[in-house]
Amino acid sequence: MARVDFLMDKATDELWLSEINTIRGFTPISMYPKLWEATGISYTELIDRLIQLALQRHEDKGGSATSFDVSTAT
């Protein structure tokens, strides 16, 4: 599991990778999935739920609304 930051150049529609921030300890034997497993949610089901929640959140927000004008950046 990770957070990946991207930048988009609106003039060229190019997408740039800014950075990847990994979240440590997200394996089938890590504490977070083990806690969910204790409630009856398997590692596979947890991954599926997290993906569905991310897609739903993206849809609810209508995509990213953050932007900046590189022509004025110093």
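Scoring rules and cut-offs
- Residues numbered from 1 in each chain as written.
- Predicted model: local features only at pLDDT ≥ 70, side-chain atom pairs only at ≥ 80, totals over all residues.
- Heavy atoms only, no water.
- Helix = DSSP H or I, 4+ residues; strand = E, 2+ residues; numbered from the N terminus.
- Buried < 20%, exposed > 50% of the residue type's maximum accessible area, 1.4 Å probe, protein only.
- Contact = heavy atoms within 4.5 Å.
- Areas by Shrake-Rupley, 256 points an atom, 1.4 Å probe, with all protein chains shown as cover.
- Phe/Tyr/Trp six-rings, centres within 6.5 Å; stacked < 30°, edge-to-face > 60°.
- Patch = residues over 30% accessible without salt bridge, like charges linked within 9 Å, V, L, I, M, F, W, Y side chains within 5 Å.
- Salt bridge = Lys/Arg side-chain N within 4 Å of Asp/Glu carboxyl O.
- Pairing = 2+ DSSP bridges.
- Axes fitted to C-alpha atoms, helices over the stretch in contact; angles between N-to-C directions.
- Parallel < 35°, antiparallel > 145°, perpendicular 65-115°, else oblique.
- Nonpolar A, V, L, I, M, F, W, Y, C, P; charged D, E, K, R; others polar.

**What to know about the overall build of the protein chain**
Logical step 1: Looking only at helices and strands, the protein chain features 2 helices and 2 strands.
Logical step 2: Ordered by position in the sequence, the α and β elements of the protein chain form the string β-β-α-α.
Logical step 3: Every one of the 74 residues in the protein chain was classed for burial, and the buried ones make up 8%.
Logical step 4: A separation threshold of at least 6 residues defines the contact pool for the protein chain, and within that pool the share at least 24 residues apart is 10%.
Logical step 5: Split by element, the accessible area of the protein chain, about 6600 Å² in all, is 58% carbon and sulfur.

**Structural notes on the packing of aromatic side chains**
The description of an aromatic ring pair uses the distance of the two centres, along with the angle that the planes make with each other.
Logical step 1: Tallied over the entire structure, the rule returns 3 aromatic pairs.
Logical step 2: Here the aromatic rings of Phe26 and Tyr43 are separated by 5.9 Å at their centres, their planes lie at 40°, and the arrangement is tilted. Of this pair, Phe26 sits in the loop between strand S2 (14–22) and helix H1 (31–38) while Tyr43 sits in helix H2 (residues 43–61); the two residues are 17 residues apart in sequence, bridging distant segments of the chain.
Logical step 3: Accessibility expressed as a relative area gives 26% for Tyr43, which makes it partly exposed.

**Quick notes on a nonpolar patch on the surface**
Logical step 1: Together, Val4, Phe6, Met8, Leu15, Leu17 and Ile20 make up a nonpolar patch on the protein surface, roughly 610 Å² of accessible area in all.
Logical step 2: Mapped by element, the contributors of at least two residues to the nonpolar patch are strand S1 (2–9) and S2.
Logical step 3: By relative accessible area, which is 57% here, Leu15 ends up exposed.

**Thoughts on the pattern of salt bridges**
Logical step 1: Scanning the model with the defined rule gives 3 salt bridges in all.
Logical step 2: Of the charged contacts in the structure, one is a salt bridge between Asp5 and Arg3, with a shortest N-O distance of 2.9 Å.
Logical step 3: Notably, a salt bridge pairs Arg49 with Glu45, separated by 3.0 Å at the nearest N-O pair. With Arg49 and Glu45 both in helix H2 and 4 residues apart, this pair spans about one turn of that helix.

**Remarks on the pairing of S2**
Logical step 1: Here S1 pairs with S2 via 8 bridges, running antiparallel. Within S2, the position partnered with Leu7 by the bridge is Trp16.
Logical step 2: Between S1 and S2, which pair antiparallel one after the other, the connecting turn spans 4 residues, and Asp13 there sits at a positive phi close to 60°.

**Description of the packing of H1 against H2**
Logical step 1: Direction vectors running N to C along H1 and H2 enclose 105°, while the axes themselves pass 9 Å from each other. With respect to their mutual orientation, H1 and H2 come out roughly perpendicular. Along the contact surface, H1 presents Tyr32, Pro33 and Trp36, while H2 presents Tyr43, Leu46 and Leu50.
Logical step 2: Here the residues of the contact of H1 with H2 sort into 6 nonpolar, no polar and no charged.

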